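Structure assessment
Residues per chain, in single letters:
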Amino acid sequence: MQLLLNLDDRTHELTDIHQRLKRHFGLQGPYRALDPVSQLVMALIGGKTRGEVSLSAFEGLVARFGHWEAVRDAPVAEIYEVICGVTFAELKAPRLKASLLAVTRAHGALTLSPLEDMAVGDALAWLERLPGVGRKVAAATLNFSTLRKAALVIDSHHLRVLRRLGYVGPRTGIAQAYDLVMPLLPESWTARDFDQHHQLMKVLGQEICRNGVPICERCPLRSVCATAQRDGRRRHDAGQRRQA
Ligand code: SF4
């Protein structure tokens, strides 16, 4: 019973965090609507790369090859030539080709439409068996694409915020954070709500809860943040010691 009460409390708290971020940053958008294979490609080449650079690489692939079957059948060196501006292009080019081949082998064609009828957990597990596909890429493929599944995308900014808020430990990775946080989010949330939550946590991580020193005095989550409360206690204790 205690566990259930705690889960309810955390769900309530996360809903409150979502509302605070929405009030502070406003509605985020737009909600992408790529077909699932295009979204898989976008997510595979986009890791650790600025959005405009990965978008340019994605558009370069479309312009050069015209369709994903042509990317799948192209030599790795040609794929690399187009996406060489993204981080780790030398790893992403062979993984992209291998993933597109694996999808084709599994479904008899280059399509992810069989995932439409799968439960989110099964679809995540299926995607994560593809070369180079981790939890972030798999969740993005399910949530950002026209599959519109209730999966939470956690990137490095979002993960940093979760760690500082105290929802996950300081060394928790993305997949483990997903497993810890997903059960706490409201069952009523739509795919769009999951997208909003991801975007809001990401913008907080980019603008306020930054890598390095966070700007807690500007943060709408300060009163519910484990890090801010701990740092506040430290400052208070240091002040007490100075006065003693
Ligand atoms: S209060 Fe500070 S540490 Fe906590 S989420 Fe906000 S910026 Fe990050």
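Up top is the structure.
Here we summarise the structure given alongside this text. One numbering rule holds for all chains: residues counted from 1, following each sequence as written. Since the coordinates come from a predicted model, pLDDT governs what is reported: local features require at least 70, and pairs of side-chain atoms require 80 or more to be given and counted, while whole-chain, interface and lining totals use all residues. Excluding hydrogens and water, the side-chain values take into account all heavy atoms of the structure.

1. Notes on the overall build of the protein chain
What counts is decided by this rule: Helix numbering and strand numbering both begin at the N terminus, where a helix is a DSSP run of H or I of at least 4 residues and a strand a DSSP run of E of at least 2. Relative accessibility under 20% of the residue-type maximum defines a buried residue, over 50% an exposed one, and the middle range a partly exposed one, all with a 1.4 Å probe and only protein chains included. Using a 1.4 Å probe, the Shrake-Rupley method yields the accessible areas, and only the shown protein chains count as cover for residues.
Across its full length, the protein chain carries 12 helices and 0 strands. Ordered by position in the sequence, the α and β elements of the protein chain form the string α-α-α-α-α-α-α-α-α-α-α-α. Each of the three principal axes of the protein chain carries a C-alpha extent, and together these read 75 × 40 × 30 Å. When burial is assessed residue by residue, the protein chain has 46% of its 244 residues classed as buried. Counting only carbon and sulfur atoms, one obtains 52% of the accessible surface of the protein chain, whose full area is about 12600 Å².

2. Observations concerning unusual backbone geometry
A cis amide bond links Gly29 to the next residue, Pro30, at an omega of -5 degrees. Along the chain, Pro30 falls in the loop between α1 (2–25) and α2 (36–46). The phi dihedral of Lys48 falls on the positive side, at around 55 degrees, and the residue is not glycine. Structurally, Lys48 can be placed in the loop between α2 and α3 (51–65). Despite not being glycine, Phe88 shows a phi value in the positive range, around 60 degrees. Tracing the sequence through the fold places Phe88 in the loop between α5 (76–83) and α6 (89–107).

3. Concerning the nonpolar core
The following threshold applies: Among the buried residues, those of types Ala, Val, Leu, Ile, Met, Phe, Trp, Tyr and Cys that are joined through side-chain atoms within 4.5 Å form a nonpolar core. Whether two residues are in contact is decided by their heavy atoms: any pair within 4.5 Å suffices.
Ranked by size, the top nonpolar core spans 76 residues in total, and within it Ile17, Leu61, Ile79, Ile83, Leu96, Leu127 and Leu204 carry the most contacts. Ranked by residue count, the leading element in this core is α2, at 7 residues. Those residues in contact with Ile17 that sit more than four places away from it in its chain are Leu165, Tyr167, Met201, Leu221 and Val224.

4. Topic: the packing of helix α9 (residues 156–165) against helix α11 (residues 191–207)
Selection rule: Interaxial angles span 0 to 180 degrees and are taken between N-to-C directions of axes, which are lines fitted to C-alpha atoms, for helices over the stretch in contact. Note that the term roughly parallel is reserved for angles under 35 degrees, roughly antiparallel for angles over 145, roughly perpendicular for angles of 65 to 115, and oblique for everything else. Three categories are distinguished: nonpolar for Ala, Val, Leu, Ile, Met, Phe, Trp, Tyr, Cys and Pro, charged for Asp, Glu, Lys and Arg, and polar for the others, with Gly belonging to the last.
Two elements in contact, α9 and α11, have axes separated by 7 Å at closest approach and are oriented at 80 degrees. Compared by their axis directions, α9 and α11 come out roughly perpendicular. Between α9, through His157, His158, Arg160, Val161, Leu162 and Leu165, and α11, the contact on the second element is made entirely by His197, His198, Met201, Lys202, Leu204, Gly205 and Gln206. Grouping the amino acids of the contact of α9 with α11 by side-chain chemistry returns 5 nonpolar, 6 polar and 2 charged.

5. Structural notes on the site of the ligand
Just so we agree on the cut-off: Residues are classed as near a molecule or strand on a simple rule: at least one heavy atom within 4 Å of it.
Surrounding the ligand, one finds Arg164, Leu165, Ile208, Cys209, Pro214, Cys216, Cys219, Arg222, Cys225, Thr227 and Ala228. When residues of the shell around the ligand are traced back to their parent elements, those giving at least two are α9 and α12 (226–243). Of the residues in the shell around the ligand, the class split is 8 nonpolar, 1 polar and 2 charged.

6. Section: the pattern of salt bridges
Note the cut-off: Salt-bridge detection follows one rule: a side-chain nitrogen of Lys or Arg within 4 Å of a carboxyl oxygen of Asp or Glu.
Considering all chains together, one arrives at 11 salt bridges under this definition. Across the pair Glu128 and Arg135 runs a salt bridge whose closest N-O atoms are separated by 2.4 Å. You can call Arg135 buried: its relative accessible area is 16%. Taken together, the shared-partner salt bridges in this structure form one network comprising Arg64, Glu78 and Glu81.

7. Let's talk about the side chain of Gln199
Assignment of secondary structure puts Gln199 in helix α11. Gln199 sits in the buried class, given a relative accessible area of 17%. Apart from residues no more than four positions distant in its own chain, Gln199 is found in contact with Gln28, Gly29, Pro30 and Arg192.

8. Some points on α9
Where we set the bar: In protein, a polar contact means a hydrogen-donor-capable atom and an acceptor-capable atom, both N or O and within 3.5 Å, with residues adjacent in sequence counting only if both atoms are side-chain atoms; elsewhere, any N or O pair within 3.5 Å suffices.
Along α9, 7 of the 10 residues are buried, which leaves the element largely enclosed by surrounding structure. Between a side-chain oxygen at the N-terminus of α9 and the backbone nitrogen of His157 the separation is 3.3 Å; the capping residue is Asp155. Once α9 ends, the next one or two residues include Gly166, with phi positive near 100 degrees.

These values are about where atoms sit, not about what they do.
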